[in-house]
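# Coordinates in review
Residue-level listing of the chains:
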Amino acid sequence: MVALTLTRKLAILADAAKYDASCASSGSEKRNSAGTKGIGSTEGSGICHSYAPDGRCISLLKLLLTNFCIYDCAYCINRSSSNVQRARFSVDEVVQLTLDFYRRNYIEGLFLSSGIIKSPDHTMEEMVRVARTLREVHLFQGYIHLKVIPNASPELLAEAGRWADRLSTNIELPTDTALEHFAPEKRPAEIRTAMARLRGKLDEAKPEGKPKAKPQKFAPAGQSTQMIIGADAANDSAILTRAAGLYSGYNLKRVYYSAFSPIPDASSKLPLRPPPLMREHRLYQADWLIRFYGFDVPEIVQGGENGDLDLAIDPKLAWALKQRQSFPVDVNRADREMLLRVPGLGINAVDRIIRSRRHHRLTLADVARMTASIDKVRPFIVTGDWSPGGAIDDQRLRQKLTPQPKQLSLF
Amino acid sequence: MLAIRLEKLNDLDEWRGKARRLLAAGMEPSQIVWRTGSDENGLFEGGDEMLPTPDGPVGTVPRQFMELAAGVIQHSDPERFARLYRVLWRLQKDHQLLSNAGDSDNTDLARMASAVRRDAHKMKAFVRFRSLFEGETERFIAWFEPDHYVLEATASFFARRFAGMNWGIVTPYASAWWDTENLSFGPGGRKSDVPAEDAVEDDWKTYYASIFNPARLKVSMMKSEMPVKYWRNLPEAENIAPLIRNAKAMEQDMIERAATQPPAHHMRREARKPEPQQIQEITSLAEAREAVQSCHRCPLYEHATQAVFGEGPEHAEVMFVGEQPGDQEDLAGKPFIGPAGQVLDEFIEKVGIDRKRVYVTNAVKHFKFEPRGKRRIHQRPDGGEVQACKFWLNLEVEYVKPKVIVALGATAAQSLLGKASVTIGKMRGAPIKMEDGTVLFITNHPSYLLRIPDAEGKARERAKFEADLVMVREAIAALEKTP
Ligand code: SF4
């Protein structure tokens, strides 16, 4: 076999990594390399160094250590039955690429994942070695995100957390049944057990409680996961219920939703069509409402039909249009919880409303100054000088508030 | 008219020193023009030499103003000094000025500060160093064109990030240099002052092209985050047009290229794989323990972490059966390790039951909960779930063969008695003989003791619970005498 050049391996192993949606480099402890001979810092939380034409930010060098894999998960381009070209980096090659790119300010750090070779432990150990070499040999202070191989040993997970800022274990699909169907070698319970272990370690590392010995550091940016959307038949209710369960059980920082996108040489089990990007977008919006706006899953899916979110309008507006009896809301009196449920009012706007209304009664113009677009808000509120009258019951309200589809230009 | 000349384009201290002297002299904003660099003085403009140099404070400003000014002074608008002075002047009379959201001076300053912040942020992201060897030392030099005068304030970020590296950033108006110990500044320069290429750049472009997913093309999103004006200094930008041009074709190709014959290594591995094991009949406790992990008899498996099977010696004399694992048990995979488990342990020890002869388990093996934010709220399993899970409890009873079983709480009692409802109050306090000869006791679940709010009720219920366990102890002792 002809040896591949480093550049060729990079092409193959970055291509293999592009289907993972996680990218963020934020939320870690603040570190920098001042006073060391090393490089790196994490203080610039959330710097995106470039953007690909798919609109996604490039903040981390996202790579697979290898795309050889003994598993055969139908949705994955690296599954053992796929005919993609295979490649494998050495630990030193990944270390070198990371440092070379970091020194030129192309990236915030490394996001390393891998196909499973030999055994889960062997694979995890290689990934841990990359992170350890960066930290110990090169004094690298930048961001490191490692993908966890679910059934790797607890000792390896513990070490991974020592070097990495973030760890993630992909739940892959919204239901266990789908996972068993598409990924026969993966055990859903093993995936959740890995998350539970990480959660335990994260709890131990929290500096709360008695200030005894300083707890050992563990993945300061926490853990996250990814779920593939649209590869199986699960509806949005199943997806969001799964996410809510994961947030509550394992203290996840983020659940990433990744619209299933066609892969070359795809398994015949899968839908070969463009990725459902709008659905993915709506799910992120719904996830946001659950985490920051006090909505629960049944309420959110109530805004759509048959357990799926409405694709034409955002989930908060969809919910409000089906809950018209709760509106209009008096912005001068309503509590924070209810204000957060008004379409078009974000957390910032609500906080400003609450602060300002202590001084004087708010008018519609006051509210307009605090929001991006008053048009969306107007039918749902009452102010000193404004009442929507019957507008809230207008059968055409939905149509009026539905954004007109824009012609998308290719360039 | 008074022309005030500033040496630097963005030095807050310099501006502040002059502004204080103007303030001390009572100079109105409209009487002043601000000059920098090569700006020429007008015909009837005087210098600032005659202004007084105050040695005490000349007025006060909110700290917020100084923070705002530190940003605004970096803005490229030539009016920035005048705007700042005008607000400073107005602040002397109106201390609340900055909190007036409708004031246009105010909003101008806020807008300028935010443009500067954004420019500094983009600088942190879009500077691209190129490596250059000078003898043995490797240096990294970048050319960057900021919209505003942000280099000086942003350079310290690069010094903290690239501490162990020798670097320089050249902009049209100034340059910054770091030699791994000191940060210094020099004159501006030109693009041709930095190396034209870098050995790693081709790899970076390869990475950029490979990480892009053509099935997700969103050009406007990219342009809003990475404005086109920056592209000329980003090496990867030359890939953008061809990637977009080919995206549709690449996506179509992915869709059309259906699965082909799997590669040989896959076929060999498949051939070596053992036949999928049929669910064998379970013939031991150990096998049951393993098999329960893939139980799908009811929907509870789907959201819990794992099945929590019983624990204890294989031939324990007494078996405690609770309702279901809780949050902590679910995470750890062990029964009775949370608060309720601690209460149980406390009483077992107190009444003198030998912990080593006890097997603990639950009527339902998976945790049932309702997600609420960052917590999981316990939910009682329903009759169907209890019934489905009885399969496993039966196996445990069959292999452990306890002589005494203690049902902790109504769910466990229902499961063991096969009844739809059980009132603990009525059934506790006396042994129940089961068909297979075991003796069943019914008592409260220990978590019940934790939920009683008043001290008196708590003490009463604890006493009852203890009395029930004393009976259990007696029953075990009696077993030893009757072989
Ligand atoms: S609760 Fe019991 S019956 Fe239901 S899935 Fe779990 S082990 Fe099976």
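As named in an unreviewed UniProt entry, chain B is Type-4 uracil-DNA glycosylase, taken from Devosia rhizoryzae. UniProt annotates chain B under Sequence similarities (unreviewed entry) with the comment "Belongs to the uracil-DNA glycosylase (UDG) superfamily. Type 4 (UDGa) family."

Looking at an unreviewed UniProt entry, one finds chain A named DNA modification/repair radical SAM protein and attributed to Devosia rhizoryzae. Regarding chain A, the relevant UniProt record gives this comment under Cofactor (unreviewed entry): "[4Fe-4S] cluster".

Right, let's get into the overall build of chain B. In terms of helices and strands, chain B carries 17 helices and 14 strands. Within chain B, buried positions represent 49% of all 483 residues. Long-range contacts, defined as pairs at least 24 residues apart, comprise 71% of the intrachain contacts of chain B with a sequence gap of at least 6. Counting every atom, chain B has about 24,400 Å² of accessible surface; 51% of that belongs to carbon and sulfur. With 66 positive and 70 negative side-chain charges, chain B shows a spacing of 4 Å between the two charge centroids.

Scored by pLDDT, chain A has a mean of 90; 96% of the residues are at 70 or more. Confidence drops under a pLDDT of 50 for residues 407–411 of chain A, and excluding neighbours within four residues, the segment shows five contacts in the predicted structure.

Examined against the element boundaries, Glu 180 of chain A turns out to sit in helix α5 (residues 176–182). Considering only alpha carbons, one finds Glu 180 of chain A and Ile 353 of chain A, 173 residues apart in sequence, at a separation of 49 Å. Setting aside residues up to four positions removed in sequence, Glu 180 of chain A forms contacts with Pro 188 of chain A together with His 296 of chain B.

We now examine the side chain of Lys 9 of chain A. All names here are of chain A. The topology assignment puts Lys 9 in helix α1 (residues 6–15). Judged by relative accessible area, Lys 9 falls into the buried class, the value being 12%. Looking at Lys 9, its side chain comes within polar contact range of the main-chain oxygen of Arg 88, at 3.2 Å.

All names here are of chain B. As paired strands, strand β10 (residues 369–372) and strand β11 (residues 375–378) are joined by four bridges and run antiparallel to one another. When the sheet's bridge partners are listed, Glu 370 is paired in β11 with Ile 377. Counting the residues that bridge the hairpin from β10 to β11 gives two residues, and of these Gly 373 lies at a positive phi of roughly 60°.

Turning next to the sheet that holds strand β14 (residues 439–443) of chain B. Residue and element names in this part refer to chain B. An order of β9-β8-β12-β14-β13 is seen for the five strands of this open sheet, with the pairing classed as mixed. If you trace the sheet from one side to the other, it starts and ends with β9 (358–362) and β13 (432–433), each paired once. Relative to β9, strand β8 (residues 318–322) runs parallel, the two sharing five bridges. If you follow Val 318 over to β9, its bridge partner there is Val 358.

This brings us to the sheet that holds strand β5 (residues 143–147) of chain A. Residues and elements named next belong to chain A. Taken in spatial order, the six strands of this open sheet run β3-β4-β5-β6-β7-β8, and their pairing is parallel. Looking at which strands have only one partner, the edges of the open sheet turn out to be β3 (60–64) and β8 (254–259). The average angle at which neighbouring strand axes cross in this sheet is 20°, direction not considered. By the bridge criterion, six bridges tie strand β7 (residues 223–229) to β8 in an arrangement that is parallel. Within the sheet, the bridge partner assigned to Ile 228 lies in β8 and is Ser 258.

All right, on to the pairing of β8 of chain A then. For β8 of chain A, the tally of buried residues reaches five of six residues, placing the bulk of the element in the interior. Remark: the β7 of chain A/helix α7 (residues 236–250) of chain A/β8 of chain A crossover connection has right-handed handedness.

Around the ligand, the surrounding shell consists of Val 292, Cys 295, Arg 297, Cys 298, Tyr 301, Val 364, Lys 365, His 366, Ala 388, Cys 389 and Trp 392 of chain B. Considering only residue class, the shell around the ligand consists of eight nonpolar, one polar and two charged.

With 92 residues of chain A at the interface, the matching set in chain B holds 78 residues. Carbon and sulfur atoms supply 57% of the area that chain A and chain B bury against each other, a total of about 7,000 Å² over both sides. Joining chain A to chain B, the criterion identifies five salt bridges. Those elements that place two or more of their residues in the side of chain A that touches chain B are α1, β1 (50–51), β3, α2 (91–103), α5, α6 (188–205), α7 and α8 (277–292) of chain A. No other element matches the eight residues that α7 of chain A contributes to the side of chain A that touches chain B. A per-class count over the side of chain A that touches chain B returns 41 nonpolar, 29 polar and 22 charged.

Below, the discussion takes up helix α1 (residues 12–24) of chain B. Residues and elements named next belong to chain B. With 13 residues, α1 should reach 18 Å at 1.5 Å per residue; the first-to-last C-alpha distance of 18 Å fits that figure. All of the buried residues along α1 are Leu 12, Glu 14, Trp 15, Lys 18, Ala 19, Arg 21, Leu 22 and Leu 23. Against β1 (2–6), β2 (32–36), α2 (63–72) and α3 (80–93) lie the buried residues of α1. For α1, the capping residue at the N-terminal end is Asp 11, with a side-chain oxygen 2.9 Å from the backbone nitrogen of Asp 13.

All right, on to the UniProt feature "domain: Radical SAM core" (unreviewed entry) in chain A then. In this numbering, the UniProt entry assigns the feature "domain: Radical SAM core" (unreviewed entry) to residues 65–200 of chain A. Along residues 65–200 of chain A, the helical share is 45% and the strand share 10%, with 27 Å between the first and last C-alpha atoms.

Residues and elements named next belong to chain B. Once the domains are mapped, chain B shows domain 1 (2–121), domain 2 (127–193), domain 3 (201–256) and domain 4 (285–481). Here the C-alpha centre of domain 3 lies 28 Å away from the C-alpha centre of domain 2. Summed over both sides, the interface of domain 2 with domain 3 buries roughly 700 Å², with 35% coming from carbon and sulfur. For domain 2, the biggest contributors to the area lost against domain 3 are Arg 128, Glu 145 and Asp 147; these three give 63% of the whole. For the interface between domain 2 and domain 3, the tally reads four salt bridges. In this structure, the salt-bridge partner of Glu 201 is Arg 130, at a minimum N-O distance of 2.9 Å. Here domain 2 is connected to domain 3 by seven residue pairs in polar contact (both at pLDDT 80 or more). When the residues that make up the side of domain 2 that touches domain 3 are grouped by side-chain class, the tally is two nonpolar, no polar and five charged.

All right, on to the packing of α6 of chain A against α7 of chain A then. Between two packed helices, the angle of one axis relative to the other and the distance separating the axes together describe the packing. Residue and element names in this part refer to chain A. At a minimum axis distance of 9 Å, the contact between α6 and α7 shows a crossing angle of 35°. Together, Arg 192, Met 195, Ala 196 and Arg 199 of α6 and Arg 242, Leu 246, Ser 248, Gly 249 and Tyr 250 of α7 make up the contact between the two elements. Residues that form the contact of α6 with α7 fall into these classes: four nonpolar, two polar and three charged.

Moving on, we get to the environment of Ala 209 of chain B. All names here are of chain B. Counting through the fold element by element, Ala 209 comes out in helix α6 (residues 201–211). Given a relative accessible area of 29%, Ala 209 falls into the partly exposed group. Along the primary structure Ala 209 and Pro 242 are separated by 33 residues, whereas in three dimensions their C-alpha atoms are 9.7 Å apart. Non-local contacts of Ala 209, meaning those with residues more than four positions away in its chain, are made with Asn 239 and Leu 243.

Rules used in this analysis
- Residues numbered from 1 in each chain as written.
- Chains lettered and ligands numbered in written order.
- Predicted model: local features only at pLDDT ≥ 70, side-chain atom pairs only at ≥ 80, totals over all residues.
- Heavy atoms only, no water.
- UniProt positions renumbered as here; feature names shortened; annotations may be inferred.
- Helix = DSSP H or I, 4+ residues; strand = E, 2+ residues; numbered from the N terminus.
- Buried < 20%, exposed > 50% of the residue type's maximum accessible area, 1.4 Å probe, protein only.
- Contact = heavy atoms within 4.5 Å.
- Areas by Shrake-Rupley, 256 points an atom, 1.4 Å probe, with all protein chains shown as cover.
- Lys, Arg positive; Asp, Glu negative; His and termini not counted.
- Charge placed at Lys NZ, Arg CZ, Asp CG, Glu CD.
- pLDDT = per-residue confidence, 0-100.
- Polar contact = N/O pair within 3.5 Å; in protein donor to acceptor, adjacent residues only side chain to side chain.
- Pairing = 2+ DSSP bridges.
- Axes fitted to C-alpha atoms, helices over the stretch in contact; angles between N-to-C directions.
- Right-handed = clockwise from strand over helix to strand, strands pointing away.
- Near = heavy atom within 4 Å.
- Nonpolar A, V, L, I, M, F, W, Y, C, P; charged D, E, K, R; others polar.
- Buried area = accessible area lost by both parts, 1.4 Å probe.
- Salt bridge = Lys/Arg side-chain N within 4 Å of Asp/Glu carboxyl O.
- Expected span 1.5 Å × (residues − 1).
- Domains from an automatic or database assignment.

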